[in-house]
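What follows is each chain in one-letter form.
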Amino acid sequence: MSNAGDKERLWSAYLDGELTAAEAARFDQSLTPDERARLMAEMKVEAQINERLGAEVTCPDAVWQNAVAAVRQNEITSDGIRPATRWIAGLSAVAAALIVATVFIVPRYSPPALASVLSVDQYSCVNDIRVPEAEVNEYLRQRSFFVRIENESSIPTHHKSFLAGVATREHKGEEFVEVYFGCCRRPVKVIVTPYDSKLAGLIRDAAKRSKTPSVQKIDRVGGYIAVLVGEHPAGHVVGHFYSNR
Amino acid sequence: MVTISDPEDFVKEVEKHKDEFYRYVLRTVWDSGAAEDVFASGVLAAFENRMKFKSGTNFRAWMYRILTNKCFVANREVIRAFEPLDEDAMTIEDVQSVGEYASVLDDPEAVFEQCGDEVYRAFKSLSTAQRSCLLLRGIERFSYQEIAEILGIPVGTVMTHLSRGRAKLRKELLDYARDIGVVKSKPRLWVKDDEKNLERGEASQ
């Protein structure tokens, strides 16, 4: 290694406080006054660089949810439960939870009710009839949901996704919309609800506590959230929801 | 003591640091779309290997090792144990010998005020290894030894990445500052050592 290279590396190590006290003293003594002045100035340059590179960055909620969803998926499949069996297990769990819910009074956060919202058991029929995007958008407009679907037909064909229907549902007095898709002959749905609705709050709370294994993605679309629910990976469909405001 | 064998414990531990992990991936991979995939696959890889983590050891360093490997794959680069000797590689002394750089050293705050965002573009021009080392040292405050373990390279190579990365970053910033007229040419002749018997003061333009 050349002397210039050694000196360069020592300079860096001195800047980083990585030299021992004795090494730092020796290095300091080897500097001319001008070199020492430059080193002090370089520390300020380094501080400016680090201030910008180290500026706070928040991991987007959707990115974190996707990562956790992948972990949950892995956790379930690594237990040796086949995806097809999970469907039946999921339905049984929801049914059992609904029975429990009718016996006990559940306070503010009601896991069984939310579980039924976040499952696709209400939509278990996947057919091959496409629903026109324009009709779904008109349906949303008439119900004052300022969200539209766009370019759904441009979803890559290898996913074999299609728009299969839309319906209005209710959760604790609040209306929300479910938009159904078939993806690779599996049902998925996107729940659309106002961002400040109680349901949106419940879903976000549950997601934070990692209680939403069926939720693949939560995206903000204008004043709404779009929640992708289902067992089959279909994150791409949420990207076709746009705000009308 | 951090334990992550239980899935819930794992998720909670990662969540505590998710912002800094995401920032590291974003700054190393740079493309935000790719960064999201790299972050998710890094978290998943860590989960799949959580049994290999030894309780009581540095969880952050362990995660950064996994994330760094993912970043290198995403950038299609390889972590080399030794950087090839590059006679043309610019050193910080080379940058400092450029006349205009004196203006940067005179008032770094003022210069960065006007072209601070250029740091991001300049940073992007560095190699993945240089970016990783600078971030792990400057932002995440790992020691040289810890960085060497994270990247799986000798400490000497870490030091080389840091010094070359810093020189290149400064050169890029200087070029930009010069292009937009933020710094002016200001020849500055060093006070040489006594052996060479050269002593000049600062020269005005």
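Preceding this paragraph is the structure being described.
Residues numbered from 1 in each chain as written. Chains lettered and ligands numbered in written order. Predicted model: local features only at pLDDT ≥ 70, side-chain atom pairs only at ≥ 80, totals over all residues. Heavy atoms only, no water.

Undergrad: Would you take a moment to explain the interface of chain A and chain B for this structure?
TA: Interfaces are often sized by the amount of accessible area the parts lose when they come together. Taken together, the 41 residues of chain A in the interface contact 54 residues of chain B. Taking both partners together, chain A and chain B bury about 4400 Å²; carbon and sulfur atoms supply 61% of that area. For the interface between chain A and chain B, the tally reads seven salt bridges. Across the salt bridge formed by R166 of chain B and E46 of chain A, the nearest N and O atoms sit 2.8 Å from each other. Counting the contacts that link chain A with chain B gives 22 residue pairs in polar contact (both at pLDDT 80 or more). Going through the elements one at a time, α1 (3-15), α3 (33-53) and α4 (61-77) of chain A are the ones with two or more residues in the side of chain A that touches chain B. The biggest single contributor to the side of chain A that touches chain B is α3 of chain A, with 13 residues. (Contact = heavy atoms within 4.5 Å. Buried area = accessible area lost by both parts, 1.4 Å probe. Salt bridge = Lys/Arg side-chain N within 4 Å of Asp/Glu carboxyl O. Polar contact = N/O pair within 3.5 Å; in protein donor to acceptor, adjacent residues only side chain to side chain. Helix = DSSP H or I, 4+ residues; strand = E, 2+ residues; numbered from the N terminus.)

Undergrad: Looking at this model, I keep getting lost on the pattern of salt bridges. Mind explaining?
TA: Note that side chains of opposite charge can pair when their charged atoms are close. Residue and element names in this part refer to chain B. Under the criterion given, the structure shown has 22 salt bridges over all chains. Where R178 meets D175, a salt bridge forms, and the shortest distance between an N and an O atom there is 3.6 Å. With R178 and D175 both in helix α11 (residues 155-179) and three residues apart, the pair spans about one turn of that helix.

Undergrad: In this structure, what is going on with the packing of helix α2 (residues 18-29) of chain B against helix α3 (residues 32-48) of chain B? I would like to understand it.
TA: A pair of packed helices is captured by two measures, namely the crossing angle of their axes and the spacing between those axes. Residue and element names in this part refer to chain B. It is the contact of α2 with α3, at a shortest axis distance of 9 Å, that shows an interaxial angle of 130°. Considering their axes alone, α2 and α3 lie oblique with respect to each other. Judged by the twist between their axes, the crossing of α2 over α3 is right-handed. Here K18, F21, Y22, V25, L26 and V29 of α2 come into contact with α3, specifically with S32, A34, A35, E36, V38 and F39. Residue composition of the contact of α2 with α3, by class: nine nonpolar, one polar and two charged. (Axes fitted to C-alpha atoms, helices over the stretch in contact; angles between N-to-C directions. Parallel < 35°, antiparallel > 145°, perpendicular 65-115°, else oblique. Left-handed = near helix turned anticlockwise from the far one by under 90°. Nonpolar A, V, L, I, M, F, W, Y, C, P; charged D, E, K, R; others polar.)

Undergrad: Help me out: how do you make sense of the sheet that holds strand β6 (residues 224-229) of chain A in this one?
TA: Neighbouring strands of a sheet are bound in pairs by backbone hydrogen bonds; such pairs are parallel or else antiparallel. All names here are of chain A. An order of β2-β3-β4-β6-β5 is seen for the five strands of this open sheet, with the pairing classed as antiparallel. Edge positions in the open sheet fall to β2 (161-171) and β5 (215-221), since each of these has one partner strand only. Direction aside, neighbouring strands of the sheet carry axes that sit 20° apart on average. Of the pairings in the sheet, the one linking β2 to strand β3 (residues 174-183) comprises 10 bridges and is antiparallel in character. By the bridge assignment for β3, V166 is matched with V179. Sheet strands in contact with helix α7 (residues 133-142) are β2 and β3, and its direction is about 15° off that of β2. Here helix α8 (residues 198-208) sits on the sheet and contacts β2, β3, β4 (186-194), β5 and β6; the angle it forms with β4, its principal contact strand, is near 120°. (Pairing = 2+ DSSP bridges.)

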